[in-house]
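Okay, here's what each chain looks like letter by letter:
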Amino acid sequence: MNIRVGAAQIRPILGDLDRNREIIRKFAELGYKNELDLLVFPELANSGYNFKSREDAWRASETIPEGRTIKLLEKLSQEYSIYVVSGINERHEDKLYNSAVLVGPNGFIGTYRKVHLFMNEKDIFERGREFFVFETKIARIGIMICFDWIFPEATRTLVLKGAEIICHPANLVLPYWQKLCGLRALENRVYIVTANRVGIEGNLNFTGRSIIVDPKGEIITEASRTHEELIYADIDVTLSRDKNITPRNNIFEDRLPEAYVLF
Ligand code: ACM
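Description of the structure in this document. Since the model is a prediction, treat every value here as computed from it, not as a measurement.

Quick word on a nonpolar patch on the surface
Logical step 1: There is a patch of nonpolar side chains on the surface, built from Leu-174, Tyr-176 and Leu-180 and spanning about 250 Å² of accessible area.
Logical step 2: Among the secondary structure elements, Tyr-176 is positioned in the loop between strand E8 (165–169) and helix H5 (177–188).
Logical step 3: According to the relative accessible area criterion, Tyr-176 is partly exposed, its value standing at 41%.

What about the pairing of E8?
Logical step 1: The element E8 is largely enclosed, with a buried count of five among its five residues.
Logical step 2: Residues Ile-165, Cys-167 and Pro-169 point to one face of E8 and Ile-166 and His-168 to the other, with burial holding for every one of them.
Logical step 3: Inspection of the sheet shows strand E7 (residues 140–143) paired to E8 by three bridges, in the parallel sense. When the sheet's bridge partners are listed, Gly-142 is paired in E8 with Ile-166.
Logical step 4: Each parallel crossover has a hand, and for E7 linked through helix H4 (residues 152–160) to E8 it is right-handed.
Logical step 5: Of the pairings in the sheet, the one linking E8 to strand E9 (residues 191–195) comprises five bridges and is parallel in character. What sits directly across from Ile-165, in E9, is Tyr-191.
Logical step 6: In this fold, the crossover linking E8 to E9 by way of H5 has right-handed handedness.

As for helix H1 (residues 17–33)
Logical step 1: The end-to-end C-alpha distance of H1, which contains 17 residues, comes to 24 Å, matching closely the 24 Å that a straight helix rising 1.5 Å per residue would cover.
Logical step 2: Buried within H1 are the following residues: Leu-17, Asn-20, Arg-21, Ile-23, Ile-24, Phe-27, Ala-28 and Gly-31. Down the axis of H1, the buried side of the element spans an arc of 160°, and every buried residue falls inside it.
Logical step 3: In the stretch just after H1, Glu-35 is the one whose phi turns positive, near 60°.

Brief notes about the packing of aromatic side chains
Logical step 1: All told, the structure shown has eight aromatic pairs when counted by the stated rule.
Logical step 2: Geometrically, the ring pair formed by Tyr-49 and Phe-206 is edge-to-face, given 5.9 Å between the ring centres and 85° between the ring planes. In this pair, Tyr-49 is assigned in the loop between strand E2 (38–40) and helix H2 (54–59) and Phe-206 in the loop between strand E11 (204–205) and strand E12 (211–213), connecting sequence segments 157 residues apart. Of the two residues, Tyr-49 and Phe-206, neither departs from the other in class, the shared state being buried.

Here we look at the nonpolar core
Logical step 1: The biggest cluster of nonpolar side chains holds 60 residues, and the ones touching the most others in it are Leu-38 and Ile-165.
Logical step 2: Here this core gets four residues from one element, more than from any other, and that element is E9.
Logical step 3: The residues contacting Ile-165, other than those within four sequence positions of it, are Ile-3, Val-5, Leu-38, Ala-139, Arg-140, Ile-141, Gly-142, Val-190, Tyr-191, Val-193, Ile-235 and Val-237.
Logical step 4: Of all hydrophobic cores here, the second largest spans 22 residues; its members include Ala-8, Ile-10, Leu-36 and Leu-76.

Section: the environment of Glu-43
Logical step 1: Within the fold, Glu-43 resides in the loop between E2 and H2.
Logical step 2: For the pair Glu-43 and Val-85, spaced 42 residues apart in sequence, the C-alpha separation works out to 9.7 Å.
Logical step 3: Contacts of Glu-43, omitting those with residues within four sequence positions, involve Tyr-49, Gly-87, Asn-98, Lys-114, Glu-121, Ile-145, Cys-146, Pro-169, Ala-170, Asn-171 and Ala-195.
Logical step 4: Of the polar contacts made by the side chain of Glu-43, one reaches the side chain of Asn-98; its length is 2.6 Å.

Here we look at the pattern of salt bridges
Logical step 1: As enumerated under the stated definition, the model contains 20 salt bridges in all.
Logical step 2: Notably, a salt bridge pairs Arg-25 with Glu-22, separated by 3.5 Å at the nearest N-O pair. Of the two residues, Arg-25 and Glu-22 both sit in helix H1, three residues apart, roughly one turn of that helix.
Logical step 3: The partly exposed category is assigned to Arg-25, whose relative accessible area is 32%.
Logical step 4: Of the charged contacts in the structure, one is a salt bridge between Glu-135 and Arg-140, with a shortest N-O distance of 3.4 Å.
Logical step 5: For Arg-140, a relative accessible area of 32% corresponds to the partly exposed category.
Logical step 6: Three or more residues joined by partner-sharing salt bridges are found here, namely Asp-18, Arg-21, Glu-62 and Arg-68.

Comments concerning the sheet that holds E9
Logical step 1: The mixed open sheet is built from six strands, whose spatial order is E6-E7-E8-E9-E12-E13. Of all strands in the sheet, those bounded by a partner on one side alone are strand E6 (133–135) and strand E13 (219–222). Between one strand and the next, the sheet's axes are offset by a mean angle of 15°, whatever the strand orientation.
Logical step 2: Looking at chain direction, E12 and E13 are connected through three bridges and run antiparallel. Counterpart to Ile-211 in the pairing with E13 is Glu-222.
Logical step 3: On top of the sheet, H4 reaches E6, E7 and E8; it is set at about 140° to E8, its chief contact.

Conventions used here
Residues numbered from 1 in each chain as written. Predicted model: local features only at pLDDT ≥ 70, side-chain atom pairs only at ≥ 80, totals over all residues. Heavy atoms only, no water. Patch = residues over 30% accessible without salt bridge, like charges linked within 9 Å, V, L, I, M, F, W, Y side chains within 5 Å. Areas by Shrake-Rupley, 256 points an atom, 1.4 Å probe, with all protein chains shown as cover. Salt bridge = Lys/Arg side-chain N within 4 Å of Asp/Glu carboxyl O. Helix = DSSP H or I, 4+ residues; strand = E, 2+ residues; numbered from the N terminus. Buried < 20%, exposed > 50% of the residue type's maximum accessible area, 1.4 Å probe, protein only. Pairing = 2+ DSSP bridges. Right-handed = clockwise from strand over helix to strand, strands pointing away. Expected span 1.5 Å × (residues − 1). Arc of directions from axis to C-beta. Phe/Tyr/Trp six-rings, centres within 6.5 Å; stacked < 30°, edge-to-face > 60°. Core = buried A, V, L, I, M, F, W, Y, C linked by side-chain atoms within 4.5 Å. Contact = heavy atoms within 4.5 Å. Polar contact = N/O pair within 3.5 Å; in protein donor to acceptor, adjacent residues only side chain to side chain. Axes fitted to C-alpha atoms, helices over the stretch in contact; angles between N-to-C directions.

Written out as C-alpha cells, the structure reads:
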C-alpha cells in the first residue's frame, strides 16, 4: 500500500501552549496541502522541552485525551483526513509523562509514554512501561520517543509487535541518530519517520535534520539542520512486511532467542 508520510520539523516555544498549537495547526494544514496520510510532530510539541523545574513543566502539561492540543489534533485529523503523531507533555493524576499520541480521522487512537528518559527528564517525568503498535487503515504504527533510539530493544520490540512504520517524535541533541537510523531501519526492515525539532533552549541546541528512512536503510529524505520545514515521502508499506534480507535469511525466522539469554 502506497501512502505519503511526513515529519513537521518545528520550533516549539517553551511554555507557550497557545503559540505551539498555532504552529501545529499551520503544519497540519501544510500536510493537508501536500496530501499527506500521516504526519509526525516532534517530542513535547505542545510545550517545549528544557524546563527549569518540574513546576514549570507541570504548568505546561495537558491531560490526554481531554487537553486542548489533543482536541485540536482530533479536529485537524478529521478535517484533513490525516493521521497525526505528536509528542505531548502529559499530566495524569499527580504525575507527568513525556508522551506521544496517535490521532486519526475518526478521533483519538492511543498514547505511548516514553520509556527511556534522557538526562534531566528524570527529574520531571515518570517513565512509561510498554511499547505499543496501533492498527490503522494505512499501516501498523509503532511509536518511540527520541532517546529510545539508543536502546535497540525499543525498535525491535515494536517491530516484533508488528510495526510497519515507526513514528519517532524527537528533540535530539546528540549527534548520532541521523548517522545510525539507517542501520536500525535495515536490521528491522521497517520505515522510520523521525520528526526532530530545531532551535535552542538554554544549554540545548536541537539538531534538526528530521529524516525518513526505508526498510533497506536508505535515507529517503532529510530536513535542514536549522529551519522549520515539512519533509515527506511516498512509501510502500508492504516493503516493511518483507523480512528477508537474502533469499535464505529472514530477520525474524533466523533469530535464535535462546542464544541471547544471559546465564
Ligand atoms: C531526548 O531524548 N530528548 C534527547
